[in-house]
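Observations on chain architecture
The chain contents come next:
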Amino acid sequence: MTLRAVHVASGEVGLGGGRIDAERVDSSREVLRRLDAGDVDCIVSGYDLDSAGRRGETGLDVLQAVRERNESVPFLLYTDRTDGDVAIEATRHGVTEYVSLERLRRDDMTLGDRVRALADKRESPALPYDRNAIAELTHIAASDDATFEDKVDELLDLGRDFLDLDIGFISQIEDETHTITHVRGNEDLAEQGPVDLSTTYCHYTVQSESLFGVRDAEAEGWSGNPVYEQSGLSCYLGGRITIGNELYGTLCFADEDPRALAFTDVERTFIELLVEWLGHEIAREKREASLRRYKAIHETVRQMVFVIGEEATIELLTEPLAERFGYDREELRGKSATALLDADAVQAGYEALDELRSEPGESSRIIKTELLTADGDAVPVDIELSLLSQSTDYRGLVGVIHDRSDLAETKAELAAERDRFRYLFEHIPDPVVITESSDGGDVIRAVNPAFESVFGYSEPAAIDRRVTDLIVPEEAHEESLNLGAEIRHEGSVVTEVRRNTTDGYRRFLLRGFEYQTGEGDRAFTIYTDITERAEREQYLKVVNRILRHNLRNDLSIIIGFADVLADDLEDEVLAERAETIESTATSLSELAEKANEMARIVGQRSTTTSHGIDLVDLVEDVRTDAATAHANADIVSTLSGECHVRADSTLARVLRELVDNAVTYADAETPRVEFDLRPSASSEKYVTLAVSDNGPGIPAPDRERVLGEREITQLDHAQGIGLWLVKWLTESYGGDLSFDVDEDGTTVLLTLPRHDGDEDAAPDSA
C-alpha cells in the first residue's frame, strides 16, 4: 500500500522511493490546501525552512497550523542535528514523532524509513479495551467503602496498565515547586521531596492546554536536558489538574524505557478523563477535610463558643464554655438563647444581627454584658458575634465569649509588673536609657535618675533626642550606630564604650537588650562605670611588664656583680655581704619569676571550663614526677579507679606547687605528702581532693589572707604567692579551697565539681 505524504522542506532532503507518494510543498498554506483536498496519510516537515523563502516559517509554525485544522493526522518533524528545545516545543504542539537526521544516519536509517514505520505503527482505536478501562474507572469512582487514598492508588494503577507504563504519580505545584504526593511503581520518587518545577516534565505539562507527552526522550532530542538527565524517564504522559480555575498539580505516567508506539488518541482521551475525574475528587476531598476540621474544632477548641440557630435556639456549645459556667451541653442544646443569655444580651444580639445583615462588609460585633453561671454568679464578658454564613440567607449567629474577669486579673498583674519595673528603673544605681530605633540613630524614650546625674540631662531634656547627640563622643558615632543595629539583630550586646559625662570622658560597660512593647521594639541599655577598673587593669599590666622585664633584668645584673665581688673581695666581711646580696637578689628573682608564672597561668584561665579530666590519672602523673624530683621524700596516693572532674591539665601545676611547698618547708627527717580522695560534704555533685603533709603547717596569716579572713598587707614568701595561685585556679573550675591544720601537719582540701560525663561515684579511699 502506497503512503500519501506531504513533505514541507527546503534543500535536498528526500523521503525515498518505494511505498511513499510524497508531494513537496514549501509553506503551511500549501499543506492546509492539501489537507482540505483530502487523501493525505502523513505530513512530514523539516524545522529550518528559511531557504524556501516563505516569510521565515519554521516546522513548528507548520505543525501549529496543521493542528489547528486537524488534530489526528500523523505529523513527523525533523531537524538536521538533535535539538532538545525544538523537540520539547514540538511535543507541546502535538507532534506525532520528532527525529533528527543526525540520529537517523547513526542508526543507518533514512527519513523515508521513519515515515513508513510511523504509518505501519498506527493503531486503530481499541474500543473494547477502552470500554473496559472506563468501566473500571466508574467502579473506582462509585466505591463508597474506599478512602480517597485507596481510590488514588487504584486510579494510578489503572492508568499504568492502560498505557503499559511502569510509573504513575500525582504532583502538587506551588510557587514553581514540584512535590510528588502519590506514586505507584517507584516509591523512591515519593521520598525525594520538593524540587524545582523547571527540572521536571511537569514544567511543560502545566504550560500545555492538553496533555504533554514524550515517547522516546533520547530519540526526541532530550539528551543533555536536565529534565531527562535528572529523572531518567524516557517516556512520559501528563496532564494538568485544576480545581476551579486554579492549578493544583499534574497527573503523570512514565517509564524509564522508551515506548515503541506514539500515544494514540484513545489513550490521550482516557488520560484526560482520569485528569478531570481526579480534579473533582481532590476538590471533594478538600471539602470533606474542611468539614472534618470543623468537627474537630467543635470538639477540641479551647475557646468559649456558642451557635444560635435560625429559630433563636442554642445549636452548639463548646466544652470550655460549659465548664466555665457550669452548664450541661446536652441540656442546653435546643433550648432558647435566653437559657444562656439575659434579656439585655439577647436584645443586643438582635441589634448586632440587624447591623451585620444590613452591612455585608462588617464581619463581627462585640457586646459587653454579664453571663450568669449555673450557680447564679455574674461574670463580666465580651461576646463577639458574627454571622454563621456570609450568604444573604440567615443561618444563625456565632458567639465567642471572652471572660473579662480573667482580663481584669491579667491587667492587674501587668500593672504590678509595670510598677516593679518602674521601681527598678528608678532606683538602679547605674544609668539606664530606653531607646527606639529610627533613621540616624536611636531616639531616647526614657532615662532614669542615675542617667540624669551621670550624664547631666534631665528626662524632659533627653526625650526625643538621639543618644549620639547627647553622650557619644564624635569619633564614636559610627560605633554607636553599629551597636544599635547589633542589639536589634542579636537581641542583646555586652561591650565596653567611652562616653561623655558631667565629669568628662569615662569608660562604661554597656549592656543592651531588645524588648517588644505595644508601641514597637525598644532597647534597654545599662551603663556601668568601669573607669577605675580599667585604669587598675592598665596599671597592673604596666607593673607586670616592669616586673617581668626591668626587675628581672636588673636583678640579673645585681646577682652577677655580687657573685664577682664575693669571689674577688679579700675582706671576709665584705665578701660575706656580697654573698648575702647575691642570695637575696636570687631569692627575689625567684619570687618575681613565680609571680610572673602566676600571672601567666591565671591570665589564661576563663571563669568557667567545660573540660573534663580524670583526677586519678592526673594525681598519679604528679606523684611520679614529684617522687623523682624529691628522692628524700615519701610521696604517696590512695586514689584508684576513675574520677572525672571539671578541670584541665593546668590543675597539675597547682598540685605540684602544693607538693613543692610541703617538701621545701618540711621539718621532718622524711617529708611525706599524701593524696586522698574524699566525698564532698556539701553535695554529691562535688568531690574533694585532700593533699596532706607532715610539716609544720602553712602559717595562719597566709591561710587567712588567701581565704579572705585577714587584710592583704604583704606576701612574705613564695609559699604565700603559691597559695593564691592554688585558690584562683581552683575557683576558676567552679571549686573551693580550704585547710585543715593540726599537730600532724596541714591538709589542703580542693573541692572540685564532677564532670557531666562522670556517672560513677568517687572511688573509695585506700
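Residues numbered from 1 in each chain as written. Predicted model: local features only at pLDDT ≥ 70, side-chain atom pairs only at ≥ 80, totals over all residues. Heavy atoms only, no water.

**Some details on a negative patch on the surface**
- Residues Asp563, Asp567, Asp568, Asp571, Glu572, Glu576 and Glu579 make up a contiguous surface patch of negative charge.
- Mapped by element, the contributors of at least two residues to the negative patch are helix 19 (531-568) and helix 20 (572-604).
- Relative to the assigned elements, Glu572 resides in helix 20.
- By relative accessible area, which is 68% here, Glu572 ends up exposed. (Patch = residues over 30% accessible without salt bridge, like charges linked within 9 Å, V, L, I, M, F, W, Y side chains within 5 Å. Areas by Shrake-Rupley, 256 points an atom, 1.4 Å probe, with all protein chains shown as cover. Salt bridge = Lys/Arg side-chain N within 4 Å of Asp/Glu carboxyl O. Lys, Arg positive; Asp, Glu negative; His and termini not counted. Charge placed at Lys NZ, Arg CZ, Asp CG, Glu CD. Helix = DSSP H or I, 4+ residues; strand = E, 2+ residues; numbered from the N terminus. Buried < 20%, exposed > 50% of the residue type's maximum accessible area, 1.4 Å probe, protein only.)

**What about the environment of Tyr47?**
- Tracing the sequence through the fold places Tyr47 in the loop between strand 3 (42-46) and helix 2 (59-69).
- On the accessibility criterion, Tyr47 (28% relative accessible area) is partly exposed.
- It is 9.7 Å that separates the C-alpha atoms of Tyr47 and Leu63, two residues lying 16 residues apart in sequence.
- Not counting residues up to four positions away in its chain, the partners in contact with Tyr47 are Thr58, Gly59, Leu60, Leu77, Tyr78, Thr79 and Val86. (Contact = heavy atoms within 4.5 Å.)

**Considering the packing of helix 21 (residues 615-629) against helix 22 (residues 651-664)**
- Relative orientation of the contacting elements helix 21 and helix 22 amounts to 45 degrees, with a least axis distance of 10 Å. The orientation of helix 21 with respect to helix 22, classified from their angle, is oblique. Seen along the crossing, helix 21 lies across helix 22 with a hand that is right-handed. In this structure, helix 21 uses Leu615, Leu618, Val619, Val622, Asp625 and Ala626 to contact helix 22, whose residues at the interface are Leu651, Ala652, Leu655, Arg656 and Val659.
- Each residue belonging to the contact of helix 21 with helix 22 can be placed in one class, and the counts come to nine nonpolar, no polar and two charged. (Axes fitted to C-alpha atoms, helices over the stretch in contact; angles between N-to-C directions. Parallel < 35°, antiparallel > 145°, perpendicular 65-115°, else oblique. Left-handed = near helix turned anticlockwise from the far one by under 90°. Nonpolar A, V, L, I, M, F, W, Y, C, P; charged D, E, K, R; others polar.)

**Side note on the sheet that holds strand 17 (residues 432-436)**
- Strand order in the open sheet made by the five strands is 18-17-21-20-19, with antiparallel pairing throughout. One side of each edge strand has no neighbouring strand; the edge strands of this open sheet are strand 18 (443-447) and strand 19 (492-501). Between one strand and the next, the sheet's axes are offset by a mean angle of 35 degrees, whatever the strand orientation.
- One ladder, built from four bridges, connects strand 17 with strand 18; its direction is antiparallel. Directly across from Ile434, in strand 18, lies its bridge partner Ala446. (Pairing = 2+ DSSP bridges.)

**Section: the pairing of strand 11 (residues 246-255)**
- Among the 10 residues of strand 11, eight are classified as buried, and the element is accordingly described as predominantly covered.
- Pairing geometry for strand 6 (residues 167-174) and strand 11, over six bridges, is antiparallel. Considered in strand 11, the bridge of Gly168 is made with Phe253.
- Alignment of strand 10 (residues 235-243) against strand 11, held across nine bridges, turns out to be antiparallel. Among the inter-strand pairings, Ile243 is bridged to a residue of strand 11, identified as Glu246.
- Hairpin remark: strand 10 followed by strand 11, antiparallel, with two residues in the connecting loop; positive phi at Gly244, about 70 degrees.

**Some points on the packing of aromatic side chains**
- Per the counting criterion, the structure on display carries 12 aromatic pairs.
- When the centroid spacing of 4.4 Å and the interplanar angle of 40 degrees are considered together, the rings of Phe162 and Phe270 count as tilted. Taken as a pair, Phe162 in helix 7 (residues 148-163) and Phe270 in helix 10 (residues 265-300) lie far apart in primary sequence, 108 residues in all.
- Looking at Phe270, the relative accessible area reads 2%, which means it is buried. (Phe/Tyr/Trp six-rings, centres within 6.5 Å; stacked < 30°, edge-to-face > 60°.)

**Considerations on the side chain of Asp216**
- Summarising the element assignment, Asp216 is placed in the loop between strand 9 (212-214) and helix 9 (226-231).
- Buried charged residue Asp216 carries no salt bridge. Nearest counter-charge: Arg215, at 4.5 Å.
- Once residues within four sequence positions are removed from consideration, Asp216 is found in contact with Ser234 and Pro258.

**As for unusual backbone geometry**
- The backbone of Asp175 sits at a positive phi, close to 50 degrees, despite the residue not being glycine.
- Tracing the sequence through the fold places Asp175 in the loop between strand 6 and strand 7 (177-184).
- Unusually for a residue other than glycine, Glu176 sits at a positive phi of about 60 degrees.
- We classify Glu176 as exposed; its relative accessible area is 51%.

**Comments concerning the pairing of strand 19**
- In terms of strand pairing, strand 19 meets strand 20 (residues 504-517) through 10 bridges, oriented antiparallel. Across the sheet, residue Val494 finds its bridge partner in strand 20, namely Arg511.
- The loop that links strand 19 with its antiparallel partner strand 20 comprises two residues.

**A closer look at helix 1 (residues 28-37)**
- Buried residues of helix 1: Ser28, Val31, Leu32, Arg34 and Leu35, and no others. The buried residues of helix 1 occupy an angular sector of 160 degrees when projected down its axis, which confines them to one face. Away from its buried face by more than 90 degrees, helix 1 exposes Arg29, Asp36 and Ala37.
- Among the structural elements, strand 1 (3-8), strand 2 (20-25), strand 3 and helix 2 are those in contact with the buried residues of helix 1. (Arc of directions from axis to C-beta.)

**Re the packing of helix 1 against helix 2**
- Put simply, helix 1 and helix 2 touch, their axes get as near as 9 Å, and they point 30 degrees apart. When the interaxial angle is binned, helix 1 and helix 2 end up roughly parallel. As helix 1 packs across helix 2, the resulting crossing turns out to be right-handed. Where helix 1 approaches helix 2, its residues Ser28, Val31, Leu32, Leu35 and Asp36 are matched on the opposing element by Val62, Ala65, Val66 and Arg69.
- Here the contact of helix 1 with helix 2 is built from residues that sort into six nonpolar, one polar and two charged.

**Remarks on the sheet that holds strand 5 (residues 97-100)**
- What the five strands build is an open sheet, ordered 2-1-3-4-5; its pairing is parallel. Each end of this open sheet is capped by a strand with a single partner; those strands are strand 2 and strand 5. The average undirected angle you get between the axes of adjacent strands in this sheet is 20 degrees.
- Judged from the four bridges that link them, strand 1 and strand 3 form a sheet pairing that is parallel. The partner of Ala5 across the bridge, within strand 3, is Cys42.
- On the sheet, helix 2 packs against strand 1, strand 3 and strand 4 (75-79) and is oriented at approximately 170 degrees with respect to strand 4.

**What to know about the pattern of salt bridges**
- With the rule as written, the count across this model stands at 38 salt bridges.
- A salt bridge links Asp41 to Arg4, with the nearest nitrogen and oxygen atoms 3.5 Å apart. Separated by 37 residues along the polypeptide, Asp41 in the loop between helix 1 and strand 3 and Arg4 in strand 1 bring together distant segments of the chain.
- Given the relative accessible area of 33%, Arg4 is considered partly exposed.
- Residues Arg498 and Glu475 are paired through a salt bridge, measuring 3.0 Å at the closest nitrogen-oxygen approach. Note that Arg498 is positioned in strand 19 and Glu475 in the loop between helix 17 (467-470) and helix 18 (477-490), a separation of 23 residues in sequence.
- Glu475 gets classed as exposed once you look at its relative accessible area, which sits at 60%.

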